[in-house]
Amino acid sequence: MVIKAAIAAERRELAAVLDGLPAGQWDAPTLCAGWRVREVVAHMSMGFRYSLPKTLAELVRAGGHLHRMTDRCARRDAAAASTSELAGYLREHAHHPWTPPVGGFAAALGHDVVHGLDITVALGLDRRVPEDRVRLLLEKVTPGTARFFGADLRGIQLRADDLDWSFGTGTPLHGAAQDLLLVAYGRKLPPGRLHGEPHPRFVAG
């Protein structure tokens, strides 16, 4: 299955990027508010390392609040594992069949690609996600998914500069396709990556 191969490749490629990070960059902030690189990677690998009963037990401890549960687990696991172990989780589980509760393998690919970009964009690394993966995920962007991820795209048309893709109607917001994918997933980007009248809404201040 093509999408499974894309997931495995994304995990291996990101693990290679992580292997090359200086020690200090593991403690650098990411596009995920409040999480450093190490917390994001710990979160990315949670689905590989936690059984369903363990996940449900953690959710009960968090009073049923999913975000509270994932935040606590990411911080705890990031503190307990070495950076080589964290990178290894992605490499060793490249073919793991985990998927989020909804969305299937496309959602799993989105989870890996977007969190990978949370790291590389924040660190200023020039990693380009292969176009076929970005296209697949852009095709899944809908008003409903944008709302789910907290992206307010009302009155805005996203227009990719590097491939033939647009989404929505209204005032154009331009950028690289993978940057617009981050916008659709509710991220605020570093200055200089987006262009157009509404871009300040989507830039980290």
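Residues numbered from 1 in each chain as written. Predicted model: local features only at pLDDT ≥ 70, side-chain atom pairs only at ≥ 80, totals over all residues. Heavy atoms only, no water.

### Considering the overall build of the chain
Okay, so step 1: Check the secondary structure of the chain and you find 10 helices and four strands.
Okay, so step 2: Reading the secondary structure of the chain in the N-to-C direction produces α-α-α-α-α-α-α-α-α-β-β-β-α-β.
Okay, so step 3: Taken over the C-alpha atoms alone, the chain extends approximately 45 × 40 × 35 Å along its principal axes.
Okay, so step 4: Across the 205 residues in the chain, those meeting the buried criterion constitute 47%.
Okay, so step 5: Taking the contacts inside the chain whose residues are at least 6 apart along the sequence as the reference set, 61% of them involve residues at least 24 apart.
Okay, so step 6: Put simply, the chain shows about 10000 Å² of open surface, and 57% of that area lies on carbon and sulfur atoms.
Okay, so step 7: Counting 25 positive and 22 negative side-chain charges, the chain places the averaged centre of each group 6 Å from the other. (Helix = DSSP H or I, 4+ residues; strand = E, 2+ residues; numbered from the N terminus. Buried < 20%, exposed > 50% of the residue type's maximum accessible area, 1.4 Å probe, protein only. Contact = heavy atoms within 4.5 Å. Areas by Shrake-Rupley, 256 points an atom, 1.4 Å probe, with all protein chains shown as cover. Lys, Arg positive; Asp, Glu negative; His and termini not counted. Charge placed at Lys NZ, Arg CZ, Asp CG, Glu CD.)

### Focus on the sheet that holds strand 4 (residues 194-195)
Okay, so step 1: Across the sheet, four strands lie side by side as 2-1-3-4; this open sheet has mixed pairing. If you trace the sheet from one side to the other, it starts and ends with strand 2 (166-167) and strand 4, each paired once.
Okay, so step 2: Bridging between strand 3 (residues 171-175) and strand 4 involves two bridges; their strand directions are antiparallel. The residue of strand 4 that forms the bridge with His174 is His195.
Okay, so step 3: Of the strands in this sheet, strand 1 (156-160), strand 3 and strand 4 are in contact with helix 10 (residues 177-184), which crosses strand 1 at around 150 degrees. (Pairing = 2+ DSSP bridges. Axes fitted to C-alpha atoms, helices over the stretch in contact; angles between N-to-C directions.)

### Let's talk about the environment of Leu158
Okay, so step 1: Along the polypeptide, Leu158 turns up in strand 1.
Okay, so step 2: Overall, the relative accessible area of 0% leaves Leu158 in the buried class.
Okay, so step 3: Between the C-alpha atom of Leu158 and that of Leu181, which follows or precedes it by 23 residues, the distance is 9.3 Å.
Okay, so step 4: When sequence neighbours within four positions are dropped, the list of residues in contact with Leu158 reads Leu153, Trp165, Ser166, Phe167, Leu173, Leu180, Val183 and Ala184.

### Brief notes about the pattern of salt bridges
Okay, so step 1: Under the definition given, this model contains 21 salt bridges.
Okay, so step 2: Glu58 is paired through a salt bridge with Arg61; the nearest N and O atoms lie 3.3 Å apart. Of this pair, Glu58 and Arg61 both sit in helix 4 (residues 52-61), three residues apart, which is roughly one turn of the helix.
Okay, so step 3: Given a relative accessible area of 4%, Glu58 falls into the buried group.
Okay, so step 4: Overall, the relative accessible area of 57% leaves Arg61 in the exposed class. (Salt bridge = Lys/Arg side-chain N within 4 Å of Asp/Glu carboxyl O.)

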